[in-house]
Structure formats: C-alpha cells, structure tokens
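# Structural characterization, general
What follows is each chain in one-letter form.
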Amino acid sequence: MRRLALNGASTLIARDDEAARAALAGMKLPAGRVVGTAAGSLAVADGEREIVPIEEALGAAALSRLEEQAYGMADALLDAQHDGAQKDILTSAYHEIATGSLRVLAMHEVLMQGDVALALMDQPMMAAFDPAGENGAEPPPSVLRRIRSLLRPARRGLRLARQLPAAARAAVRLAGRKVAIVTCNDSGTGINLRPLKAILPELDALKVQILLLTEVSLVAEDPDLSRRNVLTIDGDLPVFPVTSASPKWQSVDAAGSLPQTLVTALDRSLAWGWPKYVTRFDRGQRVLGIAGRLCSIRAVLSIPETLPVSIAAGLWARARSLPWSGHFGATIGRCPDHYFFPASEHLAYGGQLADHIASTGKDRASIHVVGSPAFDAHLGRDRAADRTAVEADFPRLAGNRLIVVTSEAFPDPATELVPILQAVTQIAGAHVIFKLHPDDDPAFMQKMTERAGVADRIDMVHRYPLGQLLGAADLLVSVMSTVIIEAAVVGTPTLVCDFSGKSAVLDFVGEGLCLGCTNPAEVRRQAEAILFDPATAELANRKMHDGIERFNGPNDGHSARRIARLTADRVDAGAAAEGLNT
C-alpha cells in the first residue's frame, strides 16, 4: 500500500476502495473527510468514517471540467502517435485512457481541498498528461519512449502465440461462406445487448451469415447468444509475456505541479495498463485473422462503435477496405466522451445524433438515420392494461392522474428532485410514483424524501417494469434521461425540470420533444397545466409527436430491420471490395 502526504494531513492511497478499507481498518486518521471512488464507510481508530463519493466531494461542474480535460489529454496522446500499430492499440483503449486520466485529475483536485484527511483511489489504468504543460499538446518524450519500449516485448510475445484459440472454432462452421462480423460490448445494463438481440433475427431473415465477436461475459449474460457462432476475445486465449519492473500500484508526486504529477502517473502506470490494451487488441486481431482465413468476412457492424472489441474489429476491416458500420444503443450528447466516432459509417438513432456526429466533421453521406431498436421496444403498449396493472400494485393511484418522477443517478440529486417532489405532491387529483435509477441507493433516496417531507405522499420504487409504469402514466417529470424518449414512444408527455444546467448535455426541450421548466416555483403550475389544461396538453402531445424523429427516426418499429438491411447491403459491398483486392 503506497501513500504520500499533501497539504499536511491529506493522503492518497493508489489502491481500489475495497482493498484500501481492509488495509486501513483500525488506523488513526487526522480530522477531515474521507473521499473515495465508491460510497461506504471506513472503520478507523476513532470509529466509523463515512466515505464521501468523489462526485459529491467535487460537484458536477468540477467533474465536467476535469472530464473535458481528461478527454483532451487522450486526444493529444493519440494525435502524437506516428507508429500505426501502437496508435491502433491506443485508439481501442481511448475511453480507458481518458477515464484513467480523470481518476488522477479528480483525486489531485480532492487532495487540494483543505478538509480532506484521506482519499481512496482505484488503480489508474492509464493516466495521461496535461496538454497545457510546457510541452504544449505533445506528450513528453519520456512518455513516448515508454510506449515504444513496452511495445517491443509485446510484439516479441505476440509472435510466440500462434495456436488456434478455441473461440475461433466457430469460424470453422462458416468456412467458405460470406459473413458479417457483429461486435457488441455491454456493461450489464442491456443498453447494447437489447439492440443486438433485435438486430440478429433480422439479419437471419436476410440470410446474412453472422459471426458475433464479443467478450465471454456477454455470452454468459444471455445463453441464447451461446447458440450462435461466437468469437470471444477473452477467456481462452494465451496472454503474451510482458514484464515490467514497475509495481502494479503506483503513487504519484502530488506535491509537485499538476503537469508533473500527471506525467509521472502516465509514465509509471503505462507499465500496468499497456499490456492489457495490447493483449486485448491483439486477441481481437488474431481471432479475426483466423476467422478471415476460414470464411469470407465482408463487413463489420459494431454496437457501439467506440469500445475496445468494436475498434479492434473495425480497424481490422478498414485495413482490408471492408465496410465498418456503428450503431449506438444509448443516447449521445454534448459531453467529452461523446465526440469519438471511429467507424466508417454511422447508423444514427435519430436526427439529434446525426447532427452531433456531423458536427465532429464526419461526412453527412456516412450518416444514416435508422431509428433505435431499444426505443422501438416501447411501441404498441396496451396502456389500459398497464394502468390496470399499476393500479393493482399501487392502490393509492385509483381515481387519480399518475405522475411518474424519475431520477438519473446524478451526484447532486436533491437539487432538482426535492423541489420537484414537493411541488407535484401538492397537485390535487394526482398521485406520484418516484422511480429510482438502477444505480441509485434506495436508502439515500428514502432519507432524502423524508427530509423533503414527501415520503408518506409518494410510492417509491427501485426495480419495477419501466414500460408498464410509463404506459400507465399521465405525465413524466424528469431532469435528463433516456426515459424521456421512452415515454414519448409510449405516448406519455414529459415536463423536463432542470435548475442547474444538467440538460446542457442533451437538451430534450431544445430538441422540441417536450416542455421544460427552469424555475422550481413553476413546477406545480406547469405540471397541472399539462394534466388538466386542454391547450397545454395538446401542445405537449404535439411536441412529443413531432420531436420523436430527433431520437427514434421514423418511430415505426422497424429500426432493427433497417440496420440489418444496411448491413446486408454492406456485405454485398464488401464482396465487391474483396473482388477488387484479389
């Protein structure tokens, strides 16, 4: 366990929270807050200290600023690469580079706060450097030398690992056939898995032979996928030998200047992160190379296009002049991690994303609005049946209009949620169901509603069928969430209440999808107008009807079919390219 002092009492532990808590149990700490990358508590000599989540310690504005800086660092690092192989590897780890940098930046800023006794930091997989430092936008030469020195033994190791991985055996079953590679990453939320499961049957219907390239965890989540021809890039592939004298856990000289701190962090942590990135990228390249020798790969479809498995496959396809298309299962907005679109062609869910991608300089001809299979899933609900089911579960709803208020796991949820709940619970003839985000802590939210004085006037749910709730609702009140789009697909109007600028990332009101409120004092009046004033209700419904194109294209339930049709066309185009290259 490595520690360093900053501003006297402050300490940085470059370790994951769980291990740090175990190692620090019973130690004596100076007075002050304990800040960590996850909430919880720490048993120390003077009792239990609550661990303040870093998002709460810094605040949304500071986190947004640091995130923008971290992605600027990742961009500068990629721009400085001239070796094609290492640039490809770094491209596949783009988001990890940025988030690793963000960890270091955030902890550095926390430690500069005078009332922090201890900061617990999970390992910086790869921290980058300050582009505003003395080297301008160029990484320091020492960093580039470290990357090159790490790549050399990696390449030697790769030449030694040539056996056929078990994961590539699926390609044998498609030997000699024309194939589309479909890639998918999913963190367990289903954001990308749900569109994948809608698209695959449509590809089957078009007689497109599919090789699914993913990670073992995704197949484990859904047994149906294991019955398909699946290539996995983890679990059964050999790891090449990359060794380094640097320890796995690194502390940094936070007492120095910020640029010095970040350069040191990058130089030391590359030795831990780089082997992982190279291993994963090489596995993807090798398994595709084996598959490409056994069957005729004609195109790649990535869901989404920005994560490591997808980038490995996409760059492999691009090197062979094969089409590479990307589709996002989740909404994309104006935040630092949403300006990275490496695919050759982009299948956008709606006009909002199409405009956003075009704003990054991508050719409009490469962007196609296809809709979203994820949002299509909410079409055609039986709203009467939904209402009956929800009334059975929440008896206080009977005879009242239903207002659903949703949370979105923000660092400062009370800013909007407390005045919203206090306002809508005063509306006569309406009942409020407060639907928590899956990542919310129900105990925290319960205390918040109690302090706001509304706990006994609402029903709060954490796990409940969202589509059924939206189908039963007369009004959704939200701050910023994809639930707003899902409600519009179902036919439920939304009042967006934003009192702190959160919707700047994705402005549903500005996009014309719904009505908005920026003043807590106006929430009750505006919500009542949507519920009980015919003219306001008509306006809200018209916006919902006209604005849905911005987020679900034609909104006709055929998004998966369009994506499959375009992919089938690209398989034909890939066949033409293959003919030219033979």
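Notes on the structure in this doc start here. (Residues numbered from 1 in each chain as written. Predicted model: local features only at pLDDT ≥ 70, side-chain atom pairs only at ≥ 80, totals over all residues. Heavy atoms only, no water.)

### Brief notes about the pattern of salt bridges
Here is the rule: Whenever a carboxyl oxygen of Asp or Glu lies within 4 Å of a side-chain nitrogen of Lys or Arg, that contact is scored as a salt bridge. Counting from the N terminus, the helices are DSSP H or I runs at least four residues long and the strands are E runs at least two residues long.
Across all of its chains, the model carries 18 salt bridges by this definition. Aspartate 459 is paired through a salt bridge with arginine 396; the nearest N and O atoms lie 3.2 Å apart. Taken together, the positions of aspartate 459 in strand S16 (residues 458–461) and arginine 396 in the loop between helix H15 (383–393) and strand S14 (401–406) put the pair 63 residues apart, joining distant regions of the chain. A salt bridge links glutamate 511 to arginine 550, with the nearest nitrogen and oxygen atoms 2.6 Å apart. A residue pair is termed long-range when its members are at least 10 positions apart, and glutamate 511 in the loop between strand S18 (494–497) and strand S19 (515–517) and arginine 550 in helix H22 (residues 549–552) qualify at 39 residues. Connected via shared salt-bridge partners are Asp355, Arg364, Glu511 and Arg550.

### Examining the sheet that holds S14
Strand pairs in the sheet, formed through backbone hydrogen bonds, run parallel or antiparallel to each other. Basically, it comes down to this: Two strands make a pair as long as DSSP finds a minimum of two bridges between them. Every axis corresponds to a line fitted to the C-alpha atoms, with the helix fit spanning only the stretch in contact, and the corresponding angles, defined between N-to-C directions, vary from 0 to 180 degrees.
With parallel pairing, the six strands of this open sheet are ordered in space as S16-S15-S14-S17-S18-S19. Here the strands that pair on one side only, and so sit at the sheet edges, are S16 and S19. Each strand axis lies, on average, 25 degrees off the axis of its neighbour in the sheet, ignoring direction. Judged from the three bridges that link them, S18 and S19 form a sheet pairing that is parallel. Among the inter-strand pairings, leucine 495 is bridged to a residue of S19, identified as leucine 515.

### Let's talk about unusual backbone geometry
Between isoleucine 303 and proline 304 the backbone carries a cis peptide bond, its omega angle lying at -5 degrees. Structurally, proline 304 is set in the loop between strand S10 (296–303) and helix H12 (308–319). Positioned with a positive phi, lysine 207 is a non-glycine residue whose angle comes to about 65 degrees. Residue position: lysine 207 is located in the loop between helix H8 (193–205) and strand S8 (209–214). The backbone phi angle of serine 321 is positive, close to 60 degrees, even though this residue is not glycine. Inspection of the secondary structure puts serine 321 in the loop between H12 and strand S11 (324–327).

### Quick word on the environment of threonine 492
Where we set the bar: Here's how the labels work: a residue is buried when its accessible area is under 20% of the maximum for its type, exposed when over 50%, partly exposed in between, all with a 1.4 Å probe on protein chains only. Residues are treated as being in contact if the distance between any of their heavy atoms lies within 4.5 Å. In the analysis that follows, any N or O atom pair within 3.5 Å is treated as a polar contact, provided that within protein one partner can donate a hydrogen and the other can accept it, and provided that, for residues neighboring in sequence, both atoms belong to side chains.
Within the secondary structure, threonine 492 is located in the loop between helix H19 (483–490) and S18. On the basis of relative accessibility, which here comes to 1%, the residue threonine 492 falls in the buried class. Taking the C-alpha atoms as reference, threonine 492 lies 10.0 Å from arginine 383; in sequence the two are 109 residues apart. Excluding anything up to four places from it in sequence, threonine 492 contacts Arg383, Leu470, Ala473, Asp474, Leu475, Leu476, Ala487 and Met544. One polar contact links the side chain of threonine 492 to the main-chain carbonyl oxygen of leucine 470, over a distance of 2.7 Å.

### Here we look at the packing of helix H20 (residues 523–532) against helix H21 (residues 534–547)
So the rule is basically this: Every angle not falling under 35 degrees, over 145, or within 65 to 115 is termed oblique; those three ranges are roughly parallel, roughly antiparallel and roughly perpendicular. For this classification, the nonpolar set comprises Ala, Val, Leu, Ile, Met, Phe, Trp, Tyr, Cys and Pro, the charged set comprises Asp, Glu, Lys and Arg, and every other residue, Gly included, is treated as polar.
Contact geometry of H20 with H21 gives a least axis separation of 6 Å together with a crossing angle of 90 degrees. The pairing of H20 with H21 is recorded here as roughly perpendicular in orientation. Between H20 and H21, the residues in contact are Ala529, Ile530 and Phe532 and Pro534, Thr536, Ala537 and Ala540, respectively. The residue makeup of the contact of H20 with H21, split by class, is six nonpolar, one polar and no charged.

### Considering the side chain of serine 92
With respect to the helices and strands, serine 92 occurs in helix H4 (residues 84–92). A residue is classified by how much of its surface remains accessible, and serine 92, at 3% relative accessible area, is buried. Not counting the four nearest positions on each side in its chain, serine 92 is found in contact with Arg280, Phe281, Pro308 and Ile311.

### Digging into the packing of H4 against helix H5 (residues 94–111)
Where H4 meets H5, the closest approach of the two axes is 4 Å, and the angle between their N-to-C directions is 65 degrees. Taken together, the axis directions place H4 and H5 in an arrangement best described as roughly perpendicular. Within the contact between the two elements, H4 uses Leu90, Thr91 and Ser92 and H5 uses Tyr94, Glu96 and Ile97.

### Let's talk about the sheet that holds S11
Spatially, S9-S8-S7-S10-S11-S12-S13 is the arrangement adopted by the seven strands of the open sheet, whose pairing is parallel. The sheet is open, and its two edges are formed by strand S9 (230–232) and strand S13 (367–369), each paired on a single side. In this sheet, neighbouring strand axes are inclined to one another by 25 degrees on average, regardless of whether the strands run parallel or antiparallel. Across three bridges, S11 lies against strand S12 (residues 345–348) in parallel orientation. Paired with histidine 327 across the strands is leucine 347, a residue of S12. Contacting S12 and S13, helix H13 (residues 351–359) runs over the sheet at an angle of about 170 degrees to S13.

All quantities given are derived from atomic positions and should not be read as evidence of function.
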